[in-house]
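# Descriptive analysis of the structure
These are the residues of each chain, in order.
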Amino acid sequence: MITEDQALDLVHDAMERAYAPYSNYQVGALVVADDGHTYAGCNVENASYPEGHCAETAAIAAMVLAGSKRIESIYIMSQDTQGATPCGGCRQRIREFATASTPVYLCSPTNVVHSLTLGDLLPRAFGPEFLQ
Ligand code: THU
């Protein structure tokens, strides 16, 4: 299993690859999946502002493309010393492949600032079980 320091290095690398010339708000995300692999993503903006995508979205897409559908934990990093926090849409995207107890680590560029669960961030979430 990946250590916290390894995860921080990987999510930092992802954050540094962000393409965020409009907001100047770089974000990295690292999904630790149930297949034992990690999947990184960064935010990618474009001139049509609403069409950019979030770091978490990219990391989840990489995980699904590789064949995994279960998030064991996720690290999210920005330059903010208070730690990155996922937007509402990304909380829902994480929910699709996680549970209320899945750890979500909100990181500054140097450390985990908040160790939360998805349930903390998205209580009483709507998820796939409502559609079965
Ligand atoms: N952003 C993310 O990548 N993840 C989030 O959860 C919050 C916001 C990005 C989107 C946009 O490129 C920039 O941060 C500013 O909103």
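Coordinates for the structure precede this section.
A quick note: this is a predicted structure, and the numbers were derived from the prediction, not measured. (Residues numbered from 1 in each chain as written. Predicted model: local features only at pLDDT ≥ 70, side-chain atom pairs only at ≥ 80, totals over all residues. Heavy atoms only, no water.)

Right, let's talk about a nonpolar patch on the surface for a bit. The grouping of Tyr19, Tyr22, Val44 and Tyr49 at the surface amounts to a nonpolar patch, some 430 Å² of accessible area in total. By the secondary structure assignment, Tyr49 is in the loop between strand E2 (38-42) and helix H2 (55-66). We classify Tyr49 as exposed; its relative accessible area is 61%. (Patch = residues over 30% accessible without salt bridge, like charges linked within 9 Å, V, L, I, M, F, W, Y side chains within 5 Å. Areas by Shrake-Rupley, 256 points an atom, 1.4 Å probe, with all protein chains shown as cover. Salt bridge = Lys/Arg side-chain N within 4 Å of Asp/Glu carboxyl O. Helix = DSSP H or I, 4+ residues; strand = E, 2+ residues; numbered from the N terminus. Buried < 20%, exposed > 50% of the residue type's maximum accessible area, 1.4 Å probe, protein only.)

Glancing now at a negative patch on the surface. Together, Glu4, Asp5, Asp9, Asp13 and Glu16 make up a region of like negative charge exposed at the surface. Examined against the element boundaries, Glu16 turns out to sit in helix H1 (residues 4-16). (Lys, Arg positive; Asp, Glu negative; His and termini not counted. Charge placed at Lys NZ, Arg CZ, Asp CG, Glu CD.)

Turning to the nonpolar core, a few remarks are in order. If you look at the biggest cluster of nonpolar residues, it comprises 22 residues, and the most contacted ones within it are Val31, Met63, Ile71, Ile74, Ile76, Ile94 and Val104. Mapped by element, the contributors of at least two residues to this core are strand E1 (27-33), H2, strand E3 (71-78), strand E4 (103-107) and helix H4 (118-121). Beyond its immediate sequence surroundings of up to four residues, Ile71 is in contact with Val31, Val32, Ile60, Met63, Ile94, Phe97, Ala98 and Thr102. Counting residues in hydrophobic clusters, the runner-up holds eleven residues, among them Leu8, Tyr75, Tyr105 and Cys107. (Core = buried A, V, L, I, M, F, W, Y, C linked by side-chain atoms within 4.5 Å. Contact = heavy atoms within 4.5 Å.)

To continue, consider helix H3 (residues 88-96). Turning to H3, its buried residues number three or more, namely Cys90, Arg91, Ile94 and Arg95. The arc that holds every buried residue of H3, seen down its axis, measures 150°, which confines them to one face. In the core, the buried residues of H3 are packed alongside H2, E3 and H4. (Arc of directions from axis to C-beta.)

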